[in-house]
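Now for the letters of each chain:
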Amino acid sequence: MLSNLEAFFIFASMEKVAFIINPFSAKKNYQPFLNELNAKVKDPLYYISESILGTDDFIQKHYAEVDVFVAIGGDGTISTVAKNLINTEKVLAIFPAGSGNGFSNETNFSKNLDELLEKLKAKKSRKIDTFTINGRLSINVSGTGFDGKVVKEFEKTTRGFKNYIKVSLKTFFSYKPKKVKFFDEKYKQYNGKYLMVNIANTRQFGNNAYIAPHASKSDGLVDMVLVKKFPITYSPFFAFRMFTKKLKDDNYITYLPVSEIEFKVNTKNWHIDGEFNKIKSPIHVKVQPSSLNILI
């Protein structure tokens, strides 16, 4: 618990902070967070978002007087807030409330409000990379193929990790790999059919599933991960290596560190930071170095 003196200093540092809550994240159970916030911060500036447009409008309305915008939700919510802050000195902070929380895990934000308030009081931040897919912002991991289809089917459920596993297993057996064709001569050797193609700015999807264990969010590159459809006997090895940060180039996985790349793929089903999107080929991926200021 915070002392009265600590609470006073935190209150003084909250004057230029806004909290943006996605009420649909975490099984719509945002009220405990809001109750705790109101108990620890006097008259906090917050917004319970009902739409992306509503979030955008709130940020623009308070843009001049707010230095730090706190996203309360999953990776999709964080990305929605972040796109308003790209290439500015405004700072993004996070209270994770999603089903996977990949970006939150990678940027050291926990479900501890006291820790967040301490970070807000310290006011330290640093710049990290983001990237775009045909102009659409991504901050964590985006992809097409198998995982794009999984996200599409997953959004029809009540979410949660167990449902994600169920949908993944069901989709795996029926999914046909997609054709990928690169434009640049040096990548044409990788033309072929793939179970999934991921673009990774950080190491993990979420839930500590590390699809790109050597990816860095501050090196000016993303890892393009090409995964061929593998036999069911390989599945335990793939899963074990993914959850122990040991995935690497082998007969089924190829890693291509790139700052910019173009290719075609014969599907429009993508996920961007875990949110389903329809995106037409050709696909243009471009890193935006040091474009997002994040609280540390």
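See the structure printed just above.
First things first, this report covers the structure right here in the doc. Since the structure is predicted, the reported quantities are computational estimates derived from the model, not experimental observations. (Residues numbered from 1 in each chain as written. Predicted model: local features only at pLDDT ≥ 70, side-chain atom pairs only at ≥ 80, totals over all residues. Heavy atoms only, no water.)

Observations regarding the overall build of the protein
Thinking step 1. Along the backbone of the protein there are 9 helices and 16 strands.
Thinking step 2. Radius of gyration (C-alpha) of the protein: 20 Å, near the 19 Å computed for a compact globule of 296 residues.
Thinking step 3. Along the three orthogonal principal directions, the C-alpha set of the protein runs to about 60 × 35 × 35 Å.
Thinking step 4. Here the protein holds 296 residues, and the buried ones make up 51% of them.
Thinking step 5. Residue pairs at least 24 apart in sequence account for 70% of intrachain contacts in the protein once pairs closer than 6 positions are excluded.
Thinking step 6. Summed over all atoms, the accessible surface of the protein reaches about 14300 Å², with 53% contributed by carbon and sulfur.
Thinking step 7. On the protein, the mean spot of the 43 positive side-chain charges and the mean spot of the 29 negative ones are 9 Å from each other. (Helix = DSSP H or I, 4+ residues; strand = E, 2+ residues; numbered from the N terminus. Rg over C-alpha atoms; globule rule 2.2 N^0.38 Å. Buried < 20%, exposed > 50% of the residue type's maximum accessible area, 1.4 Å probe, protein only. Contact = heavy atoms within 4.5 Å. Areas by Shrake-Rupley, 256 points an atom, 1.4 Å probe, with all protein chains shown as cover. Lys, Arg positive; Asp, Glu negative; His and termini not counted. Charge placed at Lys NZ, Arg CZ, Asp CG, Glu CD.)

Examining empty space enclosed by the protein
Thinking step 1. In this structure the tally under the stated criterion is 1 cavity of 30 Å³ or more.
Thinking step 2. Taken as a whole, the largest cavity encloses approximately 30 Å³ of empty space.
Thinking step 3. Lining the largest cavity are Ile94, Asn108, Phe109, Ser110, Asn112, Glu115, Leu116 and Lys119.
Thinking step 4. Ranked by residue count, the leading element in the lining of the largest cavity is helix 6 (residues 113–122), at 3 residues.
Thinking step 5. Residues belonging to the lining of the largest cavity are distributed by class as follows: 3 nonpolar, 3 polar and 2 charged. (1 Å grid on protein atoms, 1.4 Å probe; cavity = no way out; pocket = protein on both sides within 12 Å on 5 of 7 lines; lining within 4 Å. Points joined across faces, edges and corners; volume = space filled by probe spheres on them. Nonpolar A, V, L, I, M, F, W, Y, C, P; charged D, E, K, R; others polar.)

Notes on the pairing of strand 14 (residues 269–272)
Along any regular strand, the residues point their side chains to alternate faces of the sheet.
Thinking step 1. Where burial is concerned, the two faces of strand 14 agree: the one with Asn269 and His271 and the one with Trp270 and Ile272 are both buried.
Thinking step 2. One ladder, built from 3 bridges, connects strand 7 (residues 141–145) with strand 14; its direction is antiparallel. Among the inter-strand pairings, serine 142 is bridged to a residue of strand 14, identified as isoleucine 272.
Thinking step 3. By the bridge criterion, 4 bridges tie strand 14 to strand 15 (residues 275–278) in an arrangement that is antiparallel. The partner of isoleucine 272 across the bridge, within strand 15, is glutamate 275.
Thinking step 4. Remark: 2 residues form the turn of the hairpin made by strand 14 and strand 15, two consecutive strands paired antiparallel; aspartate 273 in that turn has positive phi of roughly 55°. (Pairing = 2+ DSSP bridges.)

Focus: helix 2 (residues 31–40)
Thinking step 1. Taken together, the buried positions of helix 2 are Phe33, Leu34, Leu37 and Lys40. The buried residues of helix 2 occupy an angular sector of 140° when projected down its axis, which confines them to one face. (Arc of directions from axis to C-beta.)

Here's the deal with the environment of leucine 247
Thinking step 1. Tracing the backbone shows leucine 247 in the loop between helix 9 (235–243) and strand 12 (253–258).
Thinking step 2. We classify leucine 247 as buried; its relative accessible area is 1%.
Thinking step 3. For leucine 247 and isoleucine 211, which are 36 residues apart along the polypeptide, the C-alpha to C-alpha distance reads 6.9 Å.

Points about the pairing of strand 8 (residues 178–182)
Thinking step 1. Where strand 8 lies against strand 9 (residues 192–194), 3 bridges are found, and the strand directions are antiparallel. Bridging across to strand 9, lysine 179 finds its partner in lysine 193.

Regarding the packing of aromatic side chains
Thinking step 1. Overall, the coordinates contain 12 aromatic pairs when judged by the stated rule.
Thinking step 2. Centroid distance phenylalanine 33 to phenylalanine 95: 4.6 Å. Interplanar angle 45°. Geometry classified as tilted. Of the two residues, phenylalanine 33 is situated in helix 2 and phenylalanine 95 in strand 4 (residues 91–96); the sequence distance between them amounts to 62 residues. Take phenylalanine 33 and phenylalanine 95: they sit in the same class, and that class is buried. (Phe/Tyr/Trp six-rings, centres within 6.5 Å; stacked < 30°, edge-to-face > 60°.)

Examining helix 9
Thinking step 1. Of the residues making up helix 9, those classed as buried are Ser235, Phe238 and Met242. Summarising the axial view, the buried residues of helix 9 lie within an arc of 65°, below the 170-degree limit, and thus occupy one face.

Quick look at the packing of helix 2 against helix 6
The geometry of a pair of packed helices is captured by two quantities: the angle between their axes and the separation between those axes.
Thinking step 1. Taken N-terminus to C-terminus, the directions of helix 2 and helix 6 make an angle of 50°; their axes are 11 Å apart at the nearest point. On the basis of the axis angle, helix 2 is oblique to helix 6. The hand of the helix 2/helix 6 crossing is right-handed. Residue-level contacts link Phe33, Glu36, Leu37 and Lys40 of helix 2 to Leu113, Asp114 and Leu117 of helix 6. (Axes fitted to C-alpha atoms, helices over the stretch in contact; angles between N-to-C directions. Parallel < 35°, antiparallel > 145°, perpendicular 65-115°, else oblique. Left-handed = near helix turned anticlockwise from the far one by under 90°.)

Observations concerning a nonpolar patch on the surface
Thinking step 1. Side chains of Ile165, Leu169, Phe173 and Ile232 sit close together on the surface and give an oily, nonpolar patch of about 410 Å² of accessible area.
Thinking step 2. Tracing the sequence through the fold places isoleucine 165 in helix 8 (residues 161–174). (Patch = residues over 30% accessible without salt bridge, like charges linked within 9 Å, V, L, I, M, F, W, Y side chains within 5 Å. Salt bridge = Lys/Arg side-chain N within 4 Å of Asp/Glu carboxyl O.)

Observations regarding the nonpolar core
Most often, soluble globular proteins keep nonpolar side chains buried together rather than apart.
Thinking step 1. Of all hydrophobic cores here, the largest spans 41 residues; its most connected members are Phe19, Val70, Leu92, Leu116 and Leu120.
Thinking step 2. Broken down by secondary-structure element, the contributors of at least two residues to this core are strand 1 (17–21), helix 2, helix 3 (52–62), strand 3 (68–73), helix 4 (75–82), strand 4, helix 6 and strand 16 (283–295). (Core = buried A, V, L, I, M, F, W, Y, C linked by side-chain atoms within 4.5 Å.)

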